[in-house]
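Structural features, examined
Residue strings, one per chain:
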Amino acid sequence: MMARTQDVVVVGAGFSGIVAARDLAERGHSVVILEGGTRVGGRTYARTFKGQEHLTVELGGSWISRALQPNIRREIARYGVQVKTDVPAENAAFITDGIRRPFPVPMSELPDLERAFMRLRDASRRIAPSQPLSQQPLNDLDISVEAFIHGMDLGPATTDLFYALIAWYSGADPRAVSVFGAIAQTAGFGHSPVGFYTGLSERFVGGAGVLLEKMIDTSGLEVRLDHLVTQVHQNDHGVTVRTKSGEVIHAKACVMAIPTNVLRQVEFSPQLGPRKVELLAEDHLGRAYKGSFLVRNIPRRSFTLGSGRLHSLILGYECEDGSCVMVAFGDDKSLSDPLSREEAEVAVREYFPDAEVLAVDAHDWCADPLFRGGYRVDPPGQALEFVRVMNTPDGRVVFAGTDLDDSVWRNWIDGAINSGRAAADKISETLSHMRSTS
Ligand SMILES: Cc1cc2nc3c(=O)[nH]c(=O)nc-3n(C[C@H](O)[C@H](O)[C@H](O)COP(=O)(O)OP(=O)(O)OC[C@H]3O[C@@H](n4cnc5c(N)ncnc54)[C@H](O)[C@@H]3O)c2cc1C
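Residues numbered from 1 in each chain as written. Predicted model: local features only at pLDDT ≥ 70, side-chain atom pairs only at ≥ 80, totals over all residues. Heavy atoms only, no water.

So, about the overall build of the chain. Tallying secondary structure elements over the chain gives 12 helices and 20 strands in all. The proportion of buried residues among the 438 residues of the chain is 57%. Accessible surface for the chain amounts to roughly 18200 Å². Of this, 51% is attributable to carbon and sulfur atoms. Averaging the coordinates of the 46 positive side-chain charges in the chain and doing the same for the 55 negative ones gives two points 4 Å apart. (Helix = DSSP H or I, 4+ residues; strand = E, 2+ residues; numbered from the N terminus. Buried < 20%, exposed > 50% of the residue type's maximum accessible area, 1.4 Å probe, protein only. Areas by Shrake-Rupley, 256 points an atom, 1.4 Å probe, with all protein chains shown as cover. Lys, Arg positive; Asp, Glu negative; His and termini not counted. Charge placed at Lys NZ, Arg CZ, Asp CG, Glu CD.)

Next up, the structure:
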């Protein structure tokens, strides 16, 4: 195959890769984006609900907030894409301490609930949301949930609710994860623990891909689909990237904007730094499940949270015939088959015993070889270190992606945009340093 030369090759056409490419192209650099899949958008993915052609589903990232998320606000204002606001819930069901209830905890545990939320809020107040997290003295907050609530003597329902909140947020076993992500998230929500529920209530009309398409079209970006990158080689003269099909692309620098769970499938030469290799050797803990369930016979405009098979159910769309699409959050243990209507019905009935699930759609992010997981979740002690290590460039290769974003919106679309912008800055610096020394 004939080799081609670019200023920068960007690997991965999710939000981080597209934003990095756009920012570099706007600074006059030639850029090509290589995407291993057959579509752009990565972990944002809107399409028709399978078998329900009149409905659309958002299988990955969808909820945003212009008020709270600075990058989202800027990009929406720039491209003028349309956003819709959710209707607030009118009914709720919680499962805590093994009991289904309309309020999260019994009245006797209200003081416990307040203390638990206060502890989260007070910890979040140590975080300055507008500053990079890895530059703030926060290592002592990178601990287990158990250590975080140790000594509080919370009642069983409150303890259960706290773990359910972490499970919902992380899509992982809440007993294995670092509580740091939830604390940082609370800071992002204006230091409000209730923000997990109220904070992000907007969505793109037509899905997040509408914004990505505008970025690609407006800046004339070249995206080559079906270009799975398998090798990245660098030396003093540049970077050579090889794809599975044998195509070779030469560039002066490279942005790797692919999920961190699949980075170890790419062969780097010379090898990445030893700590990067160690941290990337195993999958992270995030095993998020997001299903879209067409449901009837549940209370109007419902919301659920708890320690059921599913961590939470949120209203997606209301249909004219009284049915609705509920968006179900869990992990890879919630349903043994992510598309099973029967299993989904059993899980929804834990919250609403009369519910009927008519149809299910989902994307299995954990099984998809381009992702191998949902959003990144670290064990105690690694949440901040991972970000610090991954944001250190390896010569001409810079890493990007929401998984390694250094803001309170890490793991969200806003974090992906932030990371893409940061990667473009680093690459520009590298290229101008190369120009001044050549
Ligand atoms: C179930 C779920 C629900 C979510 N909900 C929300 C939400 O409501 N709101 C929100 O803000 N965020 C949400 N997110 C997170 C959000 O979707 C992500 O933060 C964001 O889309 C990640 O963008 P990215 O560019 O970092 O990575 P990705 O979007 O993962 O992009 C990486 C790209 O790299 C490609 N790739 C992988 N390997 C290779 C290779 N070897 N060669 C070439 N290309 C490769 C992939 O195909 C992919 O297109 C959710 C995520 C999931 C999974």
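Another aspect to go through is the pairing of strand 18 (residues 324-331). By the criterion of burial, strand 18 is predominantly enclosed, with eight of the eight residues buried. Side chains Cys324, Met326, Ala328 and Gly330 project from strand 18 onto one buried face, and the interleaved Val325, Val327, Phe329 and Asp331 project onto a second face that is buried too. Here eight bridges tie strand 15 (residues 288-296) to strand 18, and the two strands are oriented antiparallel to one another. When the sheet's bridge partners are listed, leucine 294 is paired in strand 18 with valine 325. Sheet analysis places strand 17 (residues 312-318) next to strand 18, joined by six bridges and oriented antiparallel. Bridged to tyrosine 317 within strand 18 is valine 325. Between strand 17 and strand 18, which pair antiparallel in sequence order, lie five residues; one of them, glycine 322, sits at a positive phi of approximately 95°. (Pairing = 2+ DSSP bridges.)

Taken together, seven strands build an open sheet; the order of strands is 8-7-16-17-18-15-19 and the sheet is mixed. Two strands close off the open sheet at either side, each with one partner strand: strand 8 (99-101) and strand 19 (356-362). Each strand of the sheet is rotated relative to its neighbour by a mean of 25°, with strand direction disregarded. Inspection of the sheet shows strand 15 paired to strand 19 by six bridges, in the antiparallel sense. Considered in strand 19, the bridge of leucine 294 is made with alanine 359. Its contacts with the sheet place helix 5 (residues 156-170) against strand 7 (91-96), strand 8, strand 16 (302-306), strand 17 and strand 18, and it is angled at close to 110° to strand 16. Its contacts with the sheet put helix 10 (residues 341-351) on strand 7, strand 8, strand 15, strand 16, strand 17 and strand 19, and the angle it makes with strand 19 is roughly 120°. (Axes fitted to C-alpha atoms, helices over the stretch in contact; angles between N-to-C directions. Contact = heavy atoms within 4.5 Å.)

Near the ligand you find 37 residues, and of these Ser16, Glu35, Arg43, Trp63 and Thr402 are the closest. One nitrogen or oxygen atom from the main chain of tryptophan 63 is found 2.8 Å from a nitrogen atom belonging to the ligand. When the ligand is considered free in solution it has 1000 Å² of accessible area, and contact with the protein chains removes 97% of it. Counting residues per element, the ones that place at least two in the shell around the ligand are helix 1 (15-26) and helix 12 (413-437). Looking at the shell around the ligand residue by residue, the class counts come to 19 nonpolar, 15 polar and three charged. (Near = heavy atom within 4 Å. Polar contact = N/O pair within 3.5 Å; in protein donor to acceptor, adjacent residues only side chain to side chain. Nonpolar A, V, L, I, M, F, W, Y, C, P; charged D, E, K, R; others polar.)

Here we come to the packing of aromatic side chains. Across all of its chains, the model carries 11 aromatic pairs by this definition. Consider the rings of tryptophan 63 and phenylalanine 329, whose centres lie 6.3 Å apart with planes at 50°: the pair is tilted. One end of the pair, tryptophan 63, is in strand 5 (residues 63-64); the other, phenylalanine 329, is in strand 18, and 266 residues separate them in sequence. Like phenylalanine 329, tryptophan 63 is buried. Judged by centre distance (6.3 Å) and plane angle (15°), the rings of phenylalanine 148 and phenylalanine 162 are stacked. (Phe/Tyr/Trp six-rings, centres within 6.5 Å; stacked < 30°, edge-to-face > 60°.)

Quick look at the layout of surface pockets now. Space inside the second largest pocket adds up to approximately 340 Å³. Taken together, 19 residues line the second largest pocket, and the ones lying closest to its centre are Phe94, Pro104, Tyr197, Phe303 and Leu305. With four residues, the single largest contributor to the lining of the second largest pocket is helix 5. Per-class residue counts for the lining of the second largest pocket are 17 nonpolar, one polar and one charged. (1 Å grid on protein atoms, 1.4 Å probe; cavity = no way out; pocket = protein on both sides within 12 Å on 5 of 7 lines; lining within 4 Å. Points joined across faces, edges and corners; volume = space filled by probe spheres on them.)

Take the domain arrangement of the chain next. Along its sequence, the chain is carved into domain 1 (4-43 + 207-283 + 377-437) and domain 2 (109-189). The gap between the C-alpha centroids of domain 1 and domain 2 is 30 Å. Taken residue by residue, the interface counts 17 residues in domain 1 and 24 residues in domain 2. Contact with domain 2 buries area across many residues of domain 1, yet Leu384, Asp406 and Val408 alone supply 40% of it, more than any other trio. Partitioning the side of domain 1 that touches domain 2 into residue classes produces nine nonpolar, four polar and four charged. (Domains from an automatic or database assignment. Buried area = accessible area lost by both parts, 1.4 Å probe.)

A few words now on the packing of helix 2 (residues 70-79) against helix 12. Two elements in contact, helix 2 and helix 12, have axes whose closest approach is 8 Å; the angle formed by their N-to-C orientations is 80°. Taken together, helix 2 and helix 12 sit at an angle that is classed as roughly perpendicular. Across the interface between the two elements, Pro70, Asn71, Ile72, Arg74 and Glu75 from helix 2 touch Ile413, Asp414, Ile417, Asn418 and Arg421 from helix 12. (Parallel < 35°, antiparallel > 145°, perpendicular 65-115°, else oblique.)

Below, the discussion takes up the sheet that holds strand 9 (residues 202-204). Strand order across the open sheet formed by three strands is 5-9-6, with antiparallel pairing between neighbours. Of all strands in the sheet, those bounded by a partner on one side alone are strand 5 and strand 6 (83-85). Relative to strand 9, strand 5 runs antiparallel, the two sharing two bridges. Counterpart to tryptophan 63 in the pairing with strand 9 is arginine 203.

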